[in-house]
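# Close look at the chain arrangement
Each chain, letter by letter, is given below.
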Amino acid sequence: QVQLVESGGGLVQSGGSLRLSCTASGRIFGINTMAWYRQAPGKQREMVATIGSDKSTNYADSVKGRFTISRDSAKNTVLLQMNNLEPEDTAVYYCNADLRTSLLFLTYWGQGTQVTVSS
């Protein structure tokens, strides 16, 4: 079956960096938009960054200039480079992707990876 598997989360001090990785596996015939979302305790899940099949990108205002999303289509992988991390970035980060497994594109979610930024 199709799944998204994330890695790269962890504990880092304020000002540090982390790189998250998400790889789609299974019987996949196409990938459209890939994205990263996050959810902090007591907060709604929010979009962090998206990247289209044409590699066009979109970022939340709170992370512009600090985070960079990229993709390697040949490896079915999306990356999120996070620099100058702040305690406010602490959240569970979820990979999201629109995958074609048959006739239609459907949205899939990863299991989430914890990012904790200490002050």
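Here the structure is shown first, and the text comes after it.
All values derive from a computational prediction rather than experimental measurement.

To continue, consider the pattern of salt bridges. Inspection of the entire model under this criterion finds four salt bridges. The shortest N-O distance in the salt bridge between R38 and E46 comes to 2.8 Å. Residue classification places E46 among the partly exposed residues on the basis of a relative accessible area of 34%. Note that R66 and D89 form a salt bridge whose closest N and O atoms lie 2.8 Å from each other. Residue R66 is found in the loop between strand 6 (57-59) and strand 7 (67-72), and its partner D89 is found in the loop between strand 8 (77-82) and strand 9 (91-100); the two are separated by 23 residues along the sequence. One network of salt bridges, in which partners are shared, links R38, E46, R66 and D89.

What follows deals with the state of the cysteines. Under the definition given, this model contains one disulfide. Note on cysteine connectivity: C22 is disulfide-linked to C95, with sulfurs 2.0 Å apart. Since a negative S-S torsion denotes a left-handed disulfide, the C22-C95 link at about -80 degrees is left-handed. Pair noted here: C22 is in strand 3 (residues 18-25) and C95 is in strand 9, with a separation of 73 residues, a long-range link. On the accessibility criterion, C22 (0% relative accessible area) is buried.

About the cut-offs
Here the residue numbers are simple positions, counted from 1 along each chain's written sequence. In keeping with the model being predicted, local features are shown solely for residues with a pLDDT of at least 70 and side-chain atom pairs are shown and tallied solely at 80 or more, while totals for entire chains, interfaces and linings include all residues. Values reported for side chains reflect all heavy atoms of the structure, with hydrogen atoms and water molecules removed beforehand. Throughout this description, the term salt bridge denotes a Lys or Arg side-chain nitrogen within 4 Å of a carboxyl oxygen of Asp or Glu. Buried, partly exposed and exposed residues are distinguished by accessible area as a fraction of the type maximum, computed with a 1.4 Å probe on protein chains only: under 20%, between the cut-offs, and over 50%, respectively. Counting from the N terminus, the helices are the DSSP runs of H or I reaching at least four residues and the strands are the DSSP runs of E reaching at least two. The rule for a disulfide is simple: a pair of cysteine sulfur atoms within 2.5 Å.

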